[in-house]
Amino acid sequence: MSVVLDALSQGYGTSTVIDGLSVTLRPGITALLGPNGAGKTTLLRTLATVMPPRNGRIYIDDVEISGERSARQVRDRIGYLPQDFSFEPKMTVADFVTYAAWMRGVPATQWRRSVDEALEMVDLTDRRRSKMRSLSGGMRRRAGIAWAVVGRPRLVLLDEPTVGLDPRQRLQFRKIISGLGETVVVLSTHLIDDVGAVCDRVIVMHGGASRFDGTVAELEALGRDDLPGHSSLERAYMHLLPEGEQQL
Ligand SMILES: Nc1ncnc2c1ncn2[C@@H]1O[C@H](COP(=O)(O)OP(=O)(O)OP(=O)(O)O)[C@@H](O)[C@H]1O
């Protein structure tokens with residue numbers, strides 16, 4: 001799986017949200033960090049082929065995504081969990097995940113095995129017959145993660161996947177994504193602990209551009225003692241903000 005963004009610009013109406021971003025994504029876990037409104041969700045939606053690029057190019061497995069036709073060629077390789085995902089409340093957990101398997105083109109003969117595998121990963125096997133509406137917020141989020149990984153898509157996009165998870169579930173989540181092997185995983189988060197624990201690469205976005213692109217160790221090295229933060233990663237993040245936003 002290869003994903004290439006070449007001078008990508010994206011926006012809504014007259015506003016530009018991403019401005020000339022060039023990035024090549026490879027197998028491994030990449031975190032998108034950045035303040036509210038930095039464009040993380042917009043970038044994930046663009047990678048998910050929900051929004052065609054406004055300017056510049058995006059290639060997924062060498063297919064240039066320029067509209068619905070090209071998007072259809074690659075969508076079954078993409079698992080996307082939006083920040084606020086919706087579901088039919090009366091659907092069972094198993095049906096919800098099976099629906100994702102169907103959308104992703106998993107053959108019907110493999111639905112049961114793929115769904116079992118995804119539910120096992122997120123520790124929801126014993127809730128497979130529960131209605132989605134009966135799940136707690138954290139369980140719903142885990143069902144959403146199962147939705148994103150069922151059928152083992154090679155590009156997995158997760159928008160704030162650990163919001164609402166309790167500490168043990170967050171550890172489980174890290175285990176799940178660390179076990180995805182040769183998959184390109186891109187997740188947005190505000191939880192810097194998650195980044196330090198599992199991400200191979202971090203992209204810090206601000207004002208529609210990438211202000212940092214490197215490993216966790218490289219990011220940590222930017223931390224300055226005079227900046228606010230409880231860890232070197234938090235201080236490094238503060239360092240990457242514009243000067244006026246670096247102090248509390
Ligand atoms: N559907 C939309 N229509 C118009 N403007 C939008 C829309 N969605 C997002 N925006 C704007 O685009 C900018 C980037 O938003 P986006 O949701 O991509 O940021 P984000 O980095 O994901 O933020 P957060 O951390 O709050 O989730 C913001 O200024 C936002 O107001």
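All values derive from a computational prediction rather than experimental measurement. (Residues numbered from 1 in each chain as written. Predicted model: local features only at pLDDT ≥ 70, side-chain atom pairs only at ≥ 80, totals over all residues. Heavy atoms only, no water.)

1. Let's talk about the sheet that holds strand S2 (residues 15-25)
On the basis of which strands lie adjacent, the open sheet formed by four strands has the order S2-S1-S4-S5 and antiparallel pairing. One side of each edge strand has no neighbouring strand; the edge strands of this open sheet are S2 and strand S5 (63-64). One ladder, built from two bridges, connects strand S4 (residues 55-60) with S5; its direction is antiparallel. By the bridge assignment for S5, isoleucine 60 is matched with valine 63. Packed onto the sheet, helix H1 (residues 40-47) meets strand S1 (3-12), S2 and S4 and runs at close to 120 degrees relative to S1. (Pairing = 2+ DSSP bridges. Helix = DSSP H or I, 4+ residues; strand = E, 2+ residues; numbered from the N terminus. Contact = heavy atoms within 4.5 Å. Axes fitted to C-alpha atoms, helices over the stretch in contact; angles between N-to-C directions.)

2. Describing the side chain of threonine 46
Here threonine 46 lies in helix H1. One polar contact links the side chain of threonine 46 to the main-chain carbonyl oxygen of threonine 42, over a distance of 2.7 Å. When sequence neighbours within four positions are dropped, the list of residues in contact with threonine 46 reads Leu8, Gln10, Met51 and Ile58. (Polar contact = N/O pair within 3.5 Å; in protein donor to acceptor, adjacent residues only side chain to side chain.)

3. Side note on the environment of tryptophan 147
Position of tryptophan 147 relative to the elements: it lies in helix H5 (residues 137-149). For tryptophan 147, a relative accessible area of 15% puts it in the buried group. Residues tryptophan 147 and alanine 118 lie 29 residues apart in sequence; the distance between their C-alpha atoms is 7.7 Å. If sequence neighbours within four positions are ignored, tryptophan 147 has contacts with Tyr80, Phe96, Val97, Tyr99, Ala100, Met103 and Arg104. (Buried < 20%, exposed > 50% of the residue type's maximum accessible area, 1.4 Å probe, protein only.)

4. Some words on the UniProt feature "domain: ABC transporter" (unreviewed entry) in the protein chain
Per the UniProt annotation, the sites labelled "domain: ABC transporter" (unreviewed entry) are residues 3-232. Helix makes up 33% of residues 3-232 and strand 27%. Its end C-alpha atoms lie 30 Å apart. (UniProt positions renumbered as here; feature names shortened; annotations may be inferred.)

5. Thoughts on the packing of aromatic side chains
In total, this model carries six aromatic pairs according to the counting rule given. Centroid distance phenylalanine 85 to phenylalanine 87: 6.2 Å. Interplanar angle 50 degrees. Geometry classified as tilted. On the basis of relative accessibility, which here comes to 22%, the residue phenylalanine 87 falls in the partly exposed class. Here tyrosine 99 and tryptophan 102 contribute two aromatic rings whose centre-to-centre distance is 5.7 Å and whose plane-to-plane angle is 15 degrees, an arrangement assigned as stacked. One end of the pair, tyrosine 99, and the other, tryptophan 102, are both in helix H3 (residues 93-103), three residues apart, so they sit about a helical turn from each other. Aromatic ring contacts, followed pair by pair, group Phe85, Phe87, Phe96, Tyr99, Trp102 and Trp147 into a single cluster. (Phe/Tyr/Trp six-rings, centres within 6.5 Å; stacked < 30°, edge-to-face > 60°.)

6. Concerning the sheet that holds strand S10 (residues 209-214)
By way of backbone hydrogen bonds, the strands of a sheet pair with one another, either parallel or antiparallel. If you walk across this open sheet you meet the six strands as S6-S7-S8-S3-S9-S10, and the pairing is mixed. Only two strands of the sheet have a single neighbouring strand rather than two, namely strand S6 (78-81) and S10. Between one strand axis and the next, the sheet turns by 15 degrees as a mean value, whatever way the strands run. Sheet analysis places strand S3 (residues 28-33) next to strand S8 (residues 184-188), joined by five bridges and oriented parallel. By the bridge assignment, threonine 30 is partnered in S8 with valine 186.

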